[in-house]
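Structural features, examined
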Amino acid sequence: MKALVWLIGVAITAMSILVILKPQIARDIGERMNPQMFYFAAWARIVIGIIFLAISDTRNWGTLFNVLGILLIVVGAYALQSGYERTREFVLGIVHGNENLVRVAGAVGVLIGILLISAT
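The text that follows walks through the structure, step by step, so that each part is easy to find. Along each chain, the written sequence defines residue order, and numbers are assigned to residues from 1. Totals for whole chains, interfaces and linings use all residues, but because this is a predicted model, local features are given only for residues with pLDDT of at least 70 and pairs of side-chain atoms are given and counted only at 80 or more. Based on all heavy atoms of the structure, the side-chain values leave hydrogens and waters out of the count.

As for the nonpolar core
As a rule of thumb, soluble globular proteins bury nonpolar side chains together. In this description, a nonpolar core means a group of buried Ala, Val, Leu, Ile, Met, Phe, Trp, Tyr and Cys residues linked to one another through side-chain atoms lying within 4.5 Å. Summary of the burial criterion: residues with accessible area below 20% of their type's maximum are buried, those above 50% are exposed, and those between are partly exposed, where the area comes from a 1.4 Å probe applied to protein chains only. In this structure, Val5, Ile8, Phe52, Ile55, Leu64, Phe65, Leu68, Leu116 and Ala119 together form the largest nonpolar core, which totals 9 residues. Mapped onto this core, the elements with two or more residues apiece are α1 (2-21), α3 (35-55), α4 (62-82) and α6 (99-119). The numbering of helices and of strands both runs from the N terminus, where a helix is a DSSP run of H or I of at least 4 residues and a strand a run of E of at least 2. Top contributing element to this core by residue count: α4, with 3 residues. Whether two residues are in contact is decided by their heavy atoms, any of which lying within 4.5 Å being enough. When residues no more than four places from it in sequence are discounted, the contact partners of phenylalanine 65 are Val5, Phe52, Leu53, Ile55, Ser56, Arg59, Asn60, Leu116 and Ala119.

What follows is the structure in structure tokens.
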């Protein structure tokens, strides 16, 4: 489990750094989103959230894992409830909006990724 959390942290950090350096990557991902990718991402959020909740008692910074786990489950469930079209419109609205907002989201991702890496 420790390796899985570390890999998730590294993946989040790497992708977030790419988004900060080149926000066009976020636009490309948003435009290429199809229903299969949407459902995979929504269910992956839920599964990773459950993993975080399951290991929160055994890791440093258990509160971080509890909060991230609940947040991921809620976001994944909300995406499934909203449906593909509505979520796609929301994502495209964000990535085609203010470029600085996309970079701030990338910075938050870097912070979360580093916290996950250091908490393992």
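So much for the structure itself; the text now carries on.
Considering the environment of asparagine 66
The residue asparagine 66 is located in helix α4 in this model. Asparagine 66 gets classed as partly exposed once you look at its relative accessible area, which sits at 30%. Along the primary structure asparagine 66 and serine 56 are separated by 10 residues, whereas in three dimensions their C-alpha atoms are 6.0 Å apart. Not counting chain neighbours up to four residues away, the residues in contact with asparagine 66 comprise Leu53 and Ser56.

A closer look at the packing of aromatic side chains
Only centres within 6.5 Å qualify two rings of Phe, Tyr or Trp (six-membered ring in Trp) as a pair; their planes then separate them into stacked at under 30 degrees, edge-to-face at over 60, and tilted for everything else. Under the counting rule described, the total for this entry stands at 3 aromatic pairs. Judged by centre distance (4.9 Å) and plane angle (70 degrees), the ring pair of phenylalanine 38 and tyrosine 39 falls under edge-to-face. A residue is classified by how much of its surface remains accessible, and phenylalanine 38, at 3% relative accessible area, is buried. Here tyrosine 39 falls in the partly exposed class, since its relative accessible area comes to 40%. When the centroid spacing of 5.8 Å and the interplanar angle of 65 degrees are considered together, the rings of phenylalanine 38 and tyrosine 84 count as edge-to-face. With phenylalanine 38 in helix α3 and tyrosine 84 in helix α5 (residues 84-95), this pair connects stretches of sequence that are 46 residues apart. Take tyrosine 84: its relative accessible area is 15%, and that puts it in the buried class.

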